[in-house]
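Here are the chains, one letter per residue:
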Amino acid sequence: LKEMGCNAYRTAHHPVSRELLDACDRLGMLVMEETRLMSTGNEDRAIFEEMIRNDRNHPSVIMWSIGNEEHMIQFTEQANYICRTMSAIAHKLDPTRPVTEALLMWDMEKKELIRDTQLAAPVADNVDIIGVNYCYDTWDSLHTAYPNKPFVVTESATVNTTRGAVVRSDALCRIALGHNIATGVHAWRCTAEKDYCIGMFAWTGFDYFGEPTPFTYPAIMSSFGIMDVCGFPKYPYYYYKANWRDDIDTFELCPHWNQVDGGERRTMYLFSKCDEAELFVNGASVGRKKIDKYSYASWEVDFEPGEVSAVGYKNGIEVNRKTLATTGDTARLFAKVEHVSRDKSGIVRAIIKLSALDSEGRVVPTADNDFDIITGDGVTLAGAGNGNPICHDNPQSTSYPLFAGLAQVILQRDEADGIGKAIFSIKGMNSVAVEF
C-alpha cells in the first residue's frame, strides 16, 4: 500500500489485531479504526469500548468510526441517540481523537440518491468528521450543511478486476479492466478537486475471501481489491500509483501482450504523469493522445505477437518508454524470499514469491503450471495462494497452481531449528531452492 502511495488504512468494518496496528505504527500508516455496528446494545457497546481502550495508545490511529452504511437506522431518531451516545463514549475514553461514521446517502428501496441533507442530521450532528460512502453528487450539499466539520470519503472507487485478465470470462469469474477503471478515476477526481475533502478510502486495498462480486460460486473471493489476496498488484494499482506518488515517475502499460482467447482486439491502458503518450504495435504507431491530469491514455488495438510500446511525452519531449513483449511458454520457475518475520514465540515465517519465466527470463503472464513444494527438516507449509478467484486447491497442499504467472507461499519454522530450507519445482523443469 505504501509503495502505491497510500498513507491511510480503514479497518472496515471491525476492530483489528494488535499486529496490524503495530505495523501501521512502524510504517507510518494513518488508521481510521471502526467498530462493527452503530449500536448501544450491551454487547456492541462493550466491543466499542474495548476497541478504544485497547488501541488508543497506538499513534497510527487518528480517528474512530462508529459504523458503516447503517441504512436501516441512520436517518431515524434512534440514530440520533446512538450516535450521540457512542461519540460521548469515544470522547470520554479518548479525548484526543475525532469520531466519524460512514454515511450512505442512498435510498435502498427507491434506488436513488438522498439529496435532503437534513435527513443526515442524526448522524452528522453527532460526529466530528462527516464521512460519506460513494454518492458523489451529495458531497457538496453535505459540506454546505456542515461547513465547519472536516469531510472524509470513507469509501469509494470500487474497481472490480482480476489480476492479469485481458477479457472478461463469466465461466472463469475473471474481470478485465474495461470501463471499471472509470469508477476509480471519477472517485479520485471528485476527491482531489474538492479542497474540503481530507482524503478518500478506496474499496478495497486487497481482495478478500467471501463476498464474490459480480460472480457467485465457483468464485470464492471478492474482486474489489487494488491488489489480490497475495498482495500482487492488479492493473488499477498503477493508476493510483501514478496519481498518489509524486516522488517517482510511474509509467505502466497494461494489460500484457500474450495471446488469450477473445483478446484478438483489446484495449491497452497507460497510467502515467505524462501529458501525452503514443502507442506502437511492432513499431507502427497507432496514435498519440493527451493524458488528462486525473485520467489515463487508452488505445483499441488488434493483437499481433511481438511487441507493444508506449512512449510518454512532457512538453513535447520524450521522457518515458515502456515495452511489453509476447513471451514464450514457461521454461523455469523462479523463487524469491520477499519477507521474513519472527514473532515473540520464536516462530520464523517467510513469504516467498514464485514466478513462471520463459527461456529469456520474462514472467509468463498466462502461466498456470502446477508446482510442487518440498520442505526441509523443521519447516512447515503455512499456506499458499495465487489470487485466482476460483482456485479451490487446498492452500496447505504440497502441490499448488500458479495463476497469471505468479503464486505465493508462506513457510514457517522454529527459530531454534536453524536455517529453514525448501525446494520448489515444476514437473519436467528446474527445481529452485530457498533458505530463510
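Note that the structure is predicted; figures quoted are calculated from it, not measured.

Caption draft 1: Main features of the overall build of the protein chain. A tally of regular secondary structure across the protein chain gives seven helices and 24 strands. C-alpha extents for the protein chain along the principal axes are approximately 65 × 60 × 40 Å. Contacts spanning at least 24 positions in sequence make up 63% of the contacts within the protein chain whose residues lie at least 6 apart. Accessible area of the protein chain: about 20,200 Å², with a carbon and sulfur share of 49%. One way to put it: in the protein chain the 43 positive side-chain charges average out to a point 3 Å from where the 60 negative ones average out.

Caption draft 2: Region of the structure containing the pairing of strand β20 (residues 379–385). Where burial is concerned, most of β20 is hidden: five out of the seven residues are buried. Bridge count between β20 and strand β22 (residues 406–414): six bridges; the pairing is antiparallel. Along β22, the bridge assignment pairs Gly383 with Ile410.

Caption draft 3: Summary view of the pairing of strand β24 (residues 431–435). The alternating pattern of β24 places Val432 and Val434 on a buried face and Ser431, Ala433 and Glu435 on a face that is not buried. Here strand β23 (residues 421–425) pairs with β24 via five bridges, running antiparallel. Within the sheet, the bridge partner assigned to Lys421 lies in β24 and is Glu435. Hairpin connection between β23 and β24: a loop of five residues separates the two successive antiparallel strands, and Gly428 in this loop has a positive phi of roughly 80°.

Caption draft 4: Geometry of the sheet that holds strand β18 (residues 347–357). Pairing is antiparallel across the open sheet formed by four strands, whose spatial order is β17-β18-β22-β20. One side of each edge strand has no neighbouring strand; the edge strands of this open sheet are β17 (332–342) and β20. In this sheet, neighbouring strand axes are inclined to one another by 25° on average, regardless of whether the strands run parallel or antiparallel. Pairing of β18 with β22, which is carried by nine bridges, proceeds in the antiparallel orientation. In the strand pairing of β22, Ser355 is matched with Leu406.

Caption draft 5: Region of the structure containing the packing of aromatic side chains. As enumerated under the stated definition, the model contains 16 aromatic pairs in all. Taken together, a centroid distance of 6.4 Å and an interplanar angle of 15° make the contact between Tyr269 and Phe271 stacked. The exposure class assigned to Phe271 is buried, which follows from its relative accessible area of 0%. Chaining the aromatic ring pairs together yields one cluster made of Trp188, Tyr239, Tyr240, Trp244, Tyr269, Phe271 and Tyr296. It is Arg288 that lies over the ring of Tyr313; its NZ or CZ is 3.7 Å from the centre.

Caption draft 6: Main features of the sheet that holds strand β19 (residues 370–375). In space, the four strands of this open sheet follow the order β21-β19-β23-β24, with antiparallel pairing throughout. The open sheet has two free edges, formed respectively by β21 (399–401) and β24, since each of these has just one partner strand. On average, adjacent strands in this sheet sit at an angle of 25° to one another, irrespective of strand direction.

Caption draft 7: Spatial organisation of the pattern of salt bridges. Overall, the coordinates contain 24 salt bridges when judged by the stated rule. In this structure, Arg245 engages Glu3 in a salt bridge whose closest nitrogen and oxygen atoms are separated by 3.8 Å. Taken together, the residues Arg245 in the loop between α7 (236–244) and β10 (251–254) and Glu3 in the segment before β1 (8–10) connect sequence positions 242 residues apart. Among the ionic pairs, Lys322 bridges to Glu252, the shortest N-O distance being 3.4 Å. You can see Lys322 sitting in strand β16 (residues 317–325) and its partner Glu252 sitting in strand β10, a full 70 residues away along the chain. With relative accessibility at 25%, the residue Lys322 sits in the partly exposed group. By sharing partners, the salt bridges in this structure join Glu3, Lys241, Arg245 and Asp247 into a single network.

About the cut-offs
Residues numbered from 1 in each chain as written. Predicted model: local features only at pLDDT ≥ 70, side-chain atom pairs only at ≥ 80, totals over all residues. Heavy atoms only, no water. Helix = DSSP H or I, 4+ residues; strand = E, 2+ residues; numbered from the N terminus. Contact = heavy atoms within 4.5 Å. Areas by Shrake-Rupley, 256 points an atom, 1.4 Å probe, with all protein chains shown as cover. Lys, Arg positive; Asp, Glu negative; His and termini not counted. Charge placed at Lys NZ, Arg CZ, Asp CG, Glu CD. Buried < 20%, exposed > 50% of the residue type's maximum accessible area, 1.4 Å probe, protein only. Pairing = 2+ DSSP bridges. Axes fitted to C-alpha atoms, helices over the stretch in contact; angles between N-to-C directions. Phe/Tyr/Trp six-rings, centres within 6.5 Å; stacked < 30°, edge-to-face > 60°. Lys NZ or Arg CZ within 6 Å of the ring centre and 35° of its normal. Salt bridge = Lys/Arg side-chain N within 4 Å of Asp/Glu carboxyl O.

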